[in-house]
Every structure is written in structure tokens, then in C-alpha cells.
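# Structural overview
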Amino acid sequence: MGKNLVYGILFILITAAGGLWFTIYYQETYLKINTDLVTIDVDNDYWTSKDVQVTINYRNPDIPIEGYSVDGGETWQESNTFSISENKTLEIVLKTKTGRKSDVIHYRIDNIDKNAPEILYEPIIYVAKGADFSYKNRYSVVDLESGIKGNIKVEPEAIDTSTYNTFEILIYAQDRALNEVTKKMVVEVVDPSDPILEKDPVVEDVPVTGLTLSDTTISLVKGTSKQVTARVKPSNATNKAISWRSANENVAKVDQKGNITGLQEGTTTVTASTVDGSKSSDIRVIVTGERVEITEITLDRTMDTFTTDDADIVLTPTIKPNNATNTTIKWNSTNTSVAIVVNGVVQIRGEGTTKITATTSNGKVATYTLTIVDSYIFQEKEVLLSTGELMGYTIKIYKNGVDITSEVTAITSPFTARNEGKGKDEIEITLENHEQLGRSITFNYGSKRHTAYK
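Quick summary incoming for the structure in this document. (Residues numbered from 1 in each chain as written. Predicted model: local features only at pLDDT ≥ 70, side-chain atom pairs only at ≥ 80, totals over all residues. Heavy atoms only, no water.)

### Description of the overall build of the protein
Spelled out, the test is: Only DSSP runs of H or I reaching four residues or more are called helices, and only runs of E reaching two or more are called strands; each is numbered from the N terminus. With a 1.4 Å probe rolled over the protein chains alone, any residue whose accessible area is under 20% of its type maximum counts as buried; one over 50% counts as exposed, and the rest are partly exposed. For accessible areas, the Shrake-Rupley method is used with a probe of radius 1.4 Å. Any residue's cover is judged against the shown protein chains and nothing else.
In terms of helices and strands, the protein carries two helices and 38 strands. Relative to its full complement of 454 residues, the protein shows a buried share of 38%. About 25,400 Å² of surface is accessible on the protein, with carbon and sulfur atoms providing 48% of the total.

This is the structure in C-alpha cells:
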């Protein structure tokens, strides 16, 4: 009986040990790494103007991860924290101690903050001698990208108003990406009866009136992410803080920068809300199990000619199919001295021609050609004899609002008229050829031919 008991206990221990070894070996060798359990966290406390720190986590303690890669397995490291540059899609792969690798997880890093915070303030403030003075409501600091780090300083921290004096106040702010800005504010102590005190400005709160999102619907492959940009109206609102919430965090989660990550197949709604004014906007999030590639991108305009006085041009892209997974578009202008483009909004800069391209994440391209010319207008007036009889007409030509008539050598369409003498500020048109005058004329100016409109 004693030996049988010992043998029984040994059998149980050996079986348990073998089962434990088999379980660990089986999990590490045969079980597929579940990419749904992989999370990527952006470190909000570590930003530079060139990169941001990300940490890769795997939420299954039964399968220890030994190697981490952000370039599809080309390079590996034991640490799960990386410094990543902007505008880059990470190809994340995890590896167990036995060499088992996960599928590739795509994660996009966009919009590393390169812009300094904005300080709203009044440059000169007047305060009565002997009065209490506080910096409260005298300035505000705004940063919409990485956010304020909390490193805001005012020097000197306080001023003495007991004597007439002028103080130079330095306001310093730094955001999470370590971008810095310093502004100088002057505080002058004056006599309490000085009427200028009635004009003493205080930075007033500007309330939020609206909120728009860069997307209304996005489609994500499970395990991928996309950042949605929120814009507060008006642009000078005092408190531009926004909170984000997902209606179903099992389908998709969202961080407080608008990065939406698909977790499992399904549909949910992500809502952005302003802290001030309780304005909100929704985005529909579709999470799919497979990647849907873009087959075509088109723009609502292909070619235009505008003048330097014209307003911004808004280009609207259309992507096919409409359930494509990654709808990120990269915009570019081939000649930034003519126009620049930001998220499809073309801003005119000067005369010339440029091509605006919209390129999808998988390389599909749509092109828009834009030609910008100077803005010319012409004005005409009747010329009367002293008897009141109509003798003819004269024309004055303006470039961007400046009179250039004396520099124009000839009007060549729809008739011919010459500006005969240097310094002459009007061009004579006869009664006969005036009948041919329409709403536009062409003329020689400098070394080029131009068109002016009535």
C-alpha cells in the first residue's frame, strides 16, 4: 500500500508537470498570436518635433513575447517601445520565444506636431497706480495638436503698482512636442485719473459655436487605426478642448487625439464633443475583417484658371469603392509659389501654373491643374466736347487694384487702340470701335499679353 501510494503521487506530479510543459509548448508553438489582443499606445508625455514614442502591448500573459518589430520583421528588438517619425505606417509584428510570429498589424502615425502653441494676449495693458493687478484673463494659450505640456511661465510672476513704471512681461508656453513660443506684453502703471484706463483691454472668452470632423464615415480593417481631425468654430475660440467617445468599445476604441482603432468586425459611432459649448459631431466607423483596396480616386475639378484676387479653392475627392479600408489622402502642389494645398483646400499664392495631386495610401493619383493670373479690370468713361456733344471714350486699366494705364502699350482685342505717350493715364477709344467693346479686352503690358474684365 505504501509503495502504491508513492507511485500514485509520483504519477500525478509527472502528469501535471508534463501537462504544464505541453500547455506552454503548445501555446507558444502552435497557437496563433491573436492580433486582436495587440494594442498600440502613443506616449503623450514624449513628443519631439520629429518623432513620438509608441508602446506595443500584447494582452495574453500565457504567451510571452520576446521580439517586437515595426518594419514587418526586418529588424527586431526586445523592448516594446519605439520612437516613430511622422507620416509613417508601422508594420507591427510580434514574436514568441519559440519564434512564432504574428500577422502584420498596420498602424498609421500622422501629424506629428511641428507648430508652436498660440498665445492670445493684448500687447499693452494700462493699470492704475496702487491698484491690484493680476494676469488672470489677460492672456490665454491654445494648442490643437499635441496639447499644452503644462510648461507655461509668466515673468515676472507679479508686478508692483505702487509707483509709476513700465513693465515688460514675458509669456512662455511649450507644448508636448516641445515646440516653444514667447510673447512680450507691456504693462504700464498710470495715474488713476488717466482716461486711457477706460480702454484697458481684457482678453475676453470666445465661446465655441460649432464642431466639424474631417470624416463622416471611415472603414477600418480589424487592428488598424486612423486619425480623425476635429475643427472648432470659430478658429479663435478660447477653449478648443475636445473629448472623444466610442459608443461600442468592443468594435472600435478612440483616444483623445481622435485616433480610432478597429478591434472587431462591426459598426459603431465615435462622437467628438467640445468641452465648451457642448457641441458634438459623429463619425460612423465600420470595422471589417479584410482589407479593401482603393481602385480609383477622382476630383470634382480637373483644370481651372483663376486670378490672384480669387478665394481659396476646395477640391472634393471621390474614392472607389466607398468602403475602402484606408482612405488617407496625401496632397501636394508642384509649385508652392503659385498655390499650396492643405487637406484639399487650395490657397492661392501667386501667378503661374501648378499641379495639385491627391495620392491614396496605395498609390492611386488624381490631378488638378491650376493656372493663376494677375487680376486685371478696366473702366471706361465718356469724353464730351464743351458743347456737350459725345466725342469718344477713354479706358483705364487696373492690376490688382493699381492703375497701370500709363504702362499699357496697346489694346489689341476686339479692336486696336494705342496709348501714345509715356505717362498718359488714359487710352482713347473712338466712337466707332467702342461699339466693338465687350466685357473683356486683351492688352500688352510688360512682355506679356493679358486680359482685363469690365
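### Some points on the pattern of salt bridges
Quick note on the threshold: Take a side-chain nitrogen of Lys or Arg and a carboxyl oxygen of Asp or Glu: if they are within 4 Å of each other, that pair is a salt bridge.
Under the definition given, this model contains six salt bridges. Salt-bridge contacts for lysine 226 lead to aspartate 215; the nearest nitrogen and oxygen are separated by 3.2 Å. Taken as a pair, lysine 226 in strand β15 (residues 225-227) and aspartate 215 in the loop between β13 (210-213) and β14 (217-221) lie far apart in primary sequence, eleven residues in all. Exposure class is identical for lysine 226 and aspartate 215. Each is buried. One salt bridge in this structure joins arginine 301 and aspartate 304, with 2.6 Å as the shortest N-O distance.

### Some thoughts on the sheet that holds strand β27 (residues 339-342)
Formally: The criterion for strand pairing is that DSSP finds at least two bridges linking the strands in question.
Across the sheet, three strands lie side by side as β24-β28-β27; this open sheet has antiparallel pairing. Among the strands making up the open sheet, the edge pair consists of β24 (313-314) and β27. In the sheet, β24 pairs with strand β28 (residues 345-348) via two bridges, with the strands oriented antiparallel. Considered in β28, the bridge of valine 314 is made with valine 345.

### Points about empty space enclosed by the protein
Just so we agree on the cut-off: Here a cavity means grid points, on a 1 Å grid over the protein atoms only, where a 1.4 Å probe fits yet cannot get out; a pocket means an open set of points with protein on both sides within 12 Å along at least five of seven lines; lining residues are those with an atom within 4 Å of a point. Grid points are joined across faces, edges and corners, and a volume is the space filled by probe spheres set on the points. Each residue is assigned to one of three groups, with Ala, Val, Leu, Ile, Met, Phe, Trp, Tyr, Cys and Pro labelled nonpolar, Asp, Glu, Lys and Arg labelled charged, and all others, Gly among them, labelled polar.
Here the structure, examined in full by the defined rule, presents one cavity of 30 Å³ or more. Surrounding the largest cavity, Thr35, Asp36, Val38, Ile40, Ile105, Gly223, Thr261, Gly262 and Leu263 form its lining. Of all the secondary-structure elements, those providing two or more residues to the lining of the largest cavity are β1 (38-47) and β19 (259-262). In terms of residue class, the lining of the largest cavity is made up of four nonpolar, four polar and one charged.

### Some points on the side chain of asparagine 259
To keep it simple, the criterion reads: Contacts were defined at the residue level, with two residues in contact if any of their heavy atoms lie within 4.5 Å.
Here asparagine 259 is to be found in strand β19. Sequence-distant contacts of asparagine 259, defined by excluding residues within four places in its chain, comprise Lys226, Gln227, Lys253 and Val254.

### Topic: the pairing of strand β37 (residues 440-445)
Within a regular strand, the side chains alternate between the two sheet faces. With six bridges joining them, β37 and strand β38 (residues 448-453) adopt antiparallel strand pairing. If you follow isoleucine 441 over to β38, its bridge partner there is alanine 452. Two successive antiparallel strands, β37 and β38, enclose a turn made up of two residues, where glycine 446 displays a positive phi of approximately 70°.

### Re the sheet that holds strand β23 (residues 303-307)
Formally: Axis definition: a line fit to C-alpha positions, over the contact stretch in the case of helices; interaxial angles, taken between N-to-C directions, run 0 to 180 degrees.
Ordered by their spatial adjacency, four strands build an open sheet running β23-β30-β29-β26, and the pairing between neighbours is mixed. Every interior strand has two partners, whereas the edge strands, β23 and β26 (329-333), have only one. Recorded for the sheet is a direction-independent mean angle of 20° between the axes of neighbouring strands. Summarising the sheet, β23 and strand β30 (residues 365-373) pair through five bridges and their orientation is parallel. Looking at β30, one finds that phenylalanine 306 is bridged to isoleucine 372.

### A few points about unusual backbone geometry
With an omega of -5°, the peptide bond between glutamate 155 and proline 156 qualifies as cis. Its place among the elements puts proline 156 in the loop between β10 (148-155) and β11 (166-175). Cis rather than trans, the peptide bond between lysine 320 and proline 321 has omega equal to -5°. You can see proline 321 is positioned in the loop between β25 (317-320) and β26. For asparagine 343, which is not glycine, the phi dihedral falls at a positive 50°. Within the fold, asparagine 343 resides in the loop between β27 and β28.

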